Amino acid sequence: MFNVGWLSSERELARIIESNLFNKIVLDIGTTVHPLYIKDVEKICKEFIALDINSRKVKAIKFHVSRGFSYPNNYSFLLADALKLPFKDNFLDVVTMLGLISQLRDISLIIEILSEVQRVLKEDGKIIISDSKRYQTFLKNILLNLFSKTECVEGLKGFLIISTNRRIYKGV
């Protein structure tokens, strides 16, 4: 079972996430490198790319490795900026952003990141976002402009949005 913070206690929502990641190339923006979080990556994803701008995550990976933990073969960590994703257009199957939106206080920054995500997603790609309920309406409106289908599932402590079928035009 994928441990996705508040979703870990809501098995149905975690199952939804897992089913969308199966045999896919996945980018997780603002990732966690904790071994419990990624323990099932090898069984679920074709490739899992953890991306963060924070260099302390690299130190955390080295720490876990020094303690005997080995990361799955299909797991890679990338130190990069979400505003300039180092992927070609239409490359990724799924992009996840779990708990990231509430950490970003600037609306224009959120829109820029989501536009960049739209660029790297395949035409039938999906973006999965989970965060606190207070961002639900805001995100739903942005995603409806970027993607033709947006589904929102509410949980006890937050929500999960899955958007698919990216639109051809850029911008909100």
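Everything here concerns the structure above.
These lines cover the structure that appears in this document, whether it is placed above or below. Position labels on residues start from 1 in each chain and follow its written sequence. Reporting of local features is limited, given that this is a predicted model, to residues whose pLDDT is at least 70; pairs of side-chain atoms are given and counted only at 80 or more, and all residues count toward the totals for whole chains, interfaces and linings. Hydrogens and water are ignored here; the side-chain numbers use all heavy atoms of the structure.

## Describing the packing of helix 5 (residues 107-120) against helix 6 (residues 136-146)
Let me state the cut-off plainly: Only the stretch in contact is used when fitting a helix axis, every axis being a line fitted to C-alpha atoms; angles between N-to-C directions are given from 0 to 180 degrees. By the criteria applied, helices consist of DSSP H or I runs no shorter than four residues and strands consist of E runs no shorter than two, each listed in order from the N terminus. A crossing counts as left-handed when the near helix is turned anticlockwise from the far one by less than a right angle, and as right-handed when that turn is clockwise. Residue contacts are defined here by distance: any two heavy atoms, one from each residue, within 4.5 Å place the two residues in contact. For this classification, the nonpolar set comprises Ala, Val, Leu, Ile, Met, Phe, Trp, Tyr, Cys and Pro, the charged set comprises Asp, Glu, Lys and Arg, and every other residue, Gly included, is treated as polar.
Viewed as axis vectors pointing N to C, helix 5 and helix 6 meet at an angle of 35°, and their least axial separation amounts to 11 Å. Judged by the sense of rotation from one axis to the other, the crossing of helix 5 with helix 6 is right-handed. Residues I107, I110, I111, L114, S115 and Q118 of helix 5 pack against F138, L139, I142, L143 and L146 of helix 6. Of the residues in the contact of helix 5 with helix 6, the class split is 9 nonpolar, 2 polar and no charged.

## Things to note about unusual backbone geometry
Peptide bonds are, in most cases, trans, and in most cases residues other than glycine have a negative phi. Even without a glycine there, the phi angle at N23 is positive, about 55°. The residue N23 is located in the loop between helix 1 (11-21) and strand 1 (25-29) in this model. One non-glycine residue, N90, lies in positive phi territory at about 60°. Here N90 is to be found in the loop between strand 3 (75-79) and strand 4 (92-98).

## Comments concerning the pairing of strand 2 (residues 47-52)
Our working rule: Relative accessibility decides the category of a residue: with a 1.4 Å probe and only protein chains considered, values under 20% of the type maximum give buried, values over 50% give exposed, and everything between is partly exposed. Paired strands are those between which DSSP finds at least two bridges.
Strand 2 sits mainly inside the fold: 5 of its 6 residues count as buried. Bridge count for strand 1 against strand 2 is 5 bridges, and the pairing is parallel. Opposite I25, over in strand 2, you have E47 as the bridge partner. As defined by bridge partners, strand 2 adjoins strand 3 across 5 bridges and the pair is classed as parallel. Across the sheet, L51 pairs through a bridge with L78, a residue of strand 3.

Interpretation note: all reported values are geometric properties and have no functional meaning in isolation.
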